[in-house]
Amino acid sequence: MHVTIFTPTYNRAKLLPRLFESLSKLDYSDFEWVIVDDGSTDLTSSLVATFQMQAIFPIRYIVQTNKGKHIAINKGVEAANGELFFIVDSDDTLTSNALSILVNTYKTERKYK
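As the structure is a computational prediction, the values presented were derived from the model and not from experiment. (Residues numbered from 1 in each chain as written. Predicted model: local features only at pLDDT ≥ 70, side-chain atom pairs only at ≥ 80, totals over all residues. Heavy atoms only, no water.)

Draft legend 1. Structural view of the overall build of the protein. A tally of helices and strands in the protein yields four helices and four strands. A compact globule built from 113 residues would reach a C-alpha radius of gyration of about 13 Å, and the protein, at 14 Å, matches this within 12%. Taken over the C-alpha atoms alone, the protein extends approximately 45 × 25 × 20 Å along its principal axes. Looking at the protein alone, contacts between residues at least 24 apart form 79% of all its contacts between residues at least 6 apart. In the protein, 12 side chains carry a positive charge and 13 a negative one; their mean positions are 2 Å apart. (Helix = DSSP H or I, 4+ residues; strand = E, 2+ residues; numbered from the N terminus. Rg over C-alpha atoms; globule rule 2.2 N^0.38 Å. Contact = heavy atoms within 4.5 Å. Lys, Arg positive; Asp, Glu negative; His and termini not counted. Charge placed at Lys NZ, Arg CZ, Asp CG, Glu CD.)

Right under this line is the structure:
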């Protein structure tokens, strides 16, 4: 099951490396990371370019002029390829089993409906 991890961001270059590190340690690998940058003026774009070169998972980076988080989320939903859409903010981290738990719970609940 493919999952889209989505992160809206605005001038969060200092926080994104910690999130990237946690995504790199996930024990579930069928995911993409979609980042919508809401007009950052810091080093977010070059940082994400570095992530894209290092990552073992696909990262899509979308830049928009500053329109607010709600518009960034809508753009992320439009760009998502995953069956599940999981919003993870730039100041969040995930435990290594977070996606496994999410996917297994989803599959179990869907089976019993």
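On we go from here.
Draft legend 2. Structural context of the side chain of Ser90. The topology assignment puts Ser90 in the loop between β4 (84-87) and α4 (98-111). By relative accessible area, Ser90 is classed as buried at 4%. Polar contacts involving the side chain of Ser90 include one to the side chain of Arg12, which spans 2.9 Å. Once residues lying within four places of it in the same chain are set aside, the contact partners of Ser90 are Thr7, Pro8, Thr9, Arg12, Leu15, Leu16 and Leu19. (Buried < 20%, exposed > 50% of the residue type's maximum accessible area, 1.4 Å probe, protein only. Polar contact = N/O pair within 3.5 Å; in protein donor to acceptor, adjacent residues only side chain to side chain.)

Draft legend 3. Looking closely at the pairing of strand β3 (residues 59-63). Where strand β2 (residues 31-37) meets β3, five bridges bridge the pair, whose relative direction is parallel. Opposite Ile35, over in β3, you have Tyr61 as the bridge partner. For the segment spanning β2, helix α2 (residues 44-54) and β3, crossover handedness is right-handed. (Pairing = 2+ DSSP bridges. Right-handed = clockwise from strand over helix to strand, strands pointing away.)

Draft legend 4. Highlighting the nonpolar core. Counting 24 residues, the largest nonpolar core has Ile5, Leu23, Trp33 and Ile59 as the members making the most contacts within it. Among the elements that take part in this core, helix α1 (residues 16-24) stands out by supplying four residues, more than any other. In contact with Ile5, other than residues within four places in its own chain, are Leu23, Leu26, Phe31, Glu32, Trp33, Val34, Phe86, Val88, Leu94 and Leu99. Core analysis: the next-biggest nonpolar cluster, separate from the first, contains five residues, Phe6, Val36, Ala72 and Ala79 among them. (Core = buried A, V, L, I, M, F, W, Y, C linked by side-chain atoms within 4.5 Å.)

Draft legend 5. Inspection of α4 at higher detail. An ideal rise of 1.5 Å per residue puts 20 Å on 14 residues; α4 measures up with 20 Å between its terminal C-alpha atoms. Buried within α4 we find Ala98, Leu99, Ser100 and Val103. Contacts made by the buried residues of α4 are with β1 (3-9), β2 and β4. (Expected span 1.5 Å × (residues − 1).)

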